[in-house]
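Analysis of the macromolecular model
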Amino acid sequence: VIFLIMVLLVVSCGTKSEKGNVVEDCDMSEVKAVDLGLSVLWADCNLNATAISEYGDYYTFNDALTLNVGGWRLPTKEELEELSSECDWQWVAIDGCYGYNVIGSNGNSIFFPAAGFKTDGELFKVGEIGNYWTSSQEDDAKWFLDFNKDGYYINSMTLDDAQSVRLVKAKN
């Protein structure tokens, strides 16, 4: 029964496969830039997702750093800390996908689906946790957003699991 529920969540939320070592140019023409009243604009959905409730693709840290996405980039640890401290985070389900609706002080919002992560090509904890890369690294530790229904955190790790990517861009 649990396996069937996880399969339904993966299918209904539109997951895609991890890129591995192949990094492609990504079309960001359909992605909306959302102003949350912060220092940068946030993409309205995950990289290579077509809806806010889709997981998009999964990337290792090194692959995420080398993406070519025309003006969009990974957020820094400091930008993620700003998102964490300046916005209201609410655990919700959108289109059957659990995650956090993050609401800025201006009322605009973005949704981070609990897309889980991939290790050796296998998905884990879909619908339970979300892991999103930043561009920040200290020695071998890579910083990322880590969340579950009980809270959200900015953590670091030395492993290189494939995780979700949410991009930012500068305000004009």
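Residues numbered from 1 in each chain as written. Predicted model: local features only at pLDDT ≥ 70, side-chain atom pairs only at ≥ 80, totals over all residues. Heavy atoms only, no water.

1. Some remarks on the pattern of salt bridges
In plain terms, the rule: Think of a salt bridge as a Lys or Arg side-chain nitrogen and an Asp or Glu carboxyl oxygen that are within 4 Å of each other. Numbered from the N terminus, helices here are DSSP runs of H or I no shorter than four residues, and strands are runs of E no shorter than two. Residue burial is assigned from relative accessible area. The probe radius is 1.4 Å, only protein chains are included, and a residue is buried under 20% of its type maximum, exposed over 50%, and partly exposed in between.
Here the structure, examined in full by the defined rule, presents 4 salt bridges. Note that E81 is salt-bridged to K77, the shortest N-O span being 3.9 Å. In this pair, E81 and K77 both sit in helix 3 (residues 77–86), 4 residues apart, roughly one turn of the helix. Here E81 falls in the partly exposed class, since its relative accessible area comes to 34%. Close ionic contact of D150 with K149 constitutes a salt bridge, the shortest N to O distance being 4.0 Å. Taking relative accessible area as the criterion, D150 reaches 63% and is therefore assigned exposed.

2. Side note on the side chain of N46
For the record, the criterion: Definition of a polar contact: a pair of N or O atoms within 3.5 Å, with one able to donate and the other able to accept a hydrogen when the atoms are protein atoms, and with sequence-neighbouring residues admitted only if both atoms are side-chain atoms. What makes two residues a contact is simply this: any of their non-hydrogen atoms within 4.5 Å.
For N46, the position within the fold is in the loop between strand 2 (40–43) and helix 2 (61–65). Separated by 2.9 Å, the side chain of N46 and the backbone oxygen of Y55 make a polar contact. For N46, the side chain forms a polar contact with the side chain of Y132, separated by 3.1 Å. Non-local contacts of N46, meaning those with residues more than four positions away in its chain, are made with E54, Y55, G56, P113, Y132, S164, V165 and R166.

3. Examining the environment of T119
Turning to its location among the elements, T119 is positioned in strand 6 (residues 117–119). Judged by relative accessible area, T119 falls into the partly exposed class, the value being 27%. Spatially, the C-alpha atom of T119 lies 5.2 Å from that of D161, the residues being 42 residues apart in sequence. With sequence-adjacent residues up to four places away left out, T119 is seen in contact with F124 and D161.

4. Some points on the sheet that holds strand 4 (residues 97–103)
Rules: Strand pairing is assigned whenever DSSP detects at least two bridges linking the two strands. Structural elements are reduced to axes, namely lines fitted to C-alpha atoms, with helices fitted over the stretch in contact, and the angle between N-to-C directions of any two is expressed from 0 to 180 degrees.
Taking strand neighbours across the sheet as the criterion, the 3 strands line up as 3-4-5 in an open arrangement whose pairing is antiparallel. Both edges of this open sheet fall to strand 3 (88–94) and strand 5 (109–113), since each of them pairs with a single strand only. Recorded for the sheet is a direction-independent mean angle of 30 degrees between the axes of neighbouring strands.

5. A few points about the sheet that holds strand 10 (residues 151–157)
The sheet built from 3 strands is open, its strands ordered 8-9-10 with antiparallel pairing. The sheet terminates laterally at strand 8 (129–138) and strand 10, the two strands that pair on one side only. Across this sheet, the average inter-strand angle for adjacent strands is 20 degrees, counted without regard to direction. Bridge analysis of strand 8 against strand 9 (residues 141–148) gives 7 bridges, and the strand direction is antiparallel. Within strand 9, the residue paired with N131 across the bridge is D146.

Function cannot be inferred from these measures alone, as they are strictly geometric.
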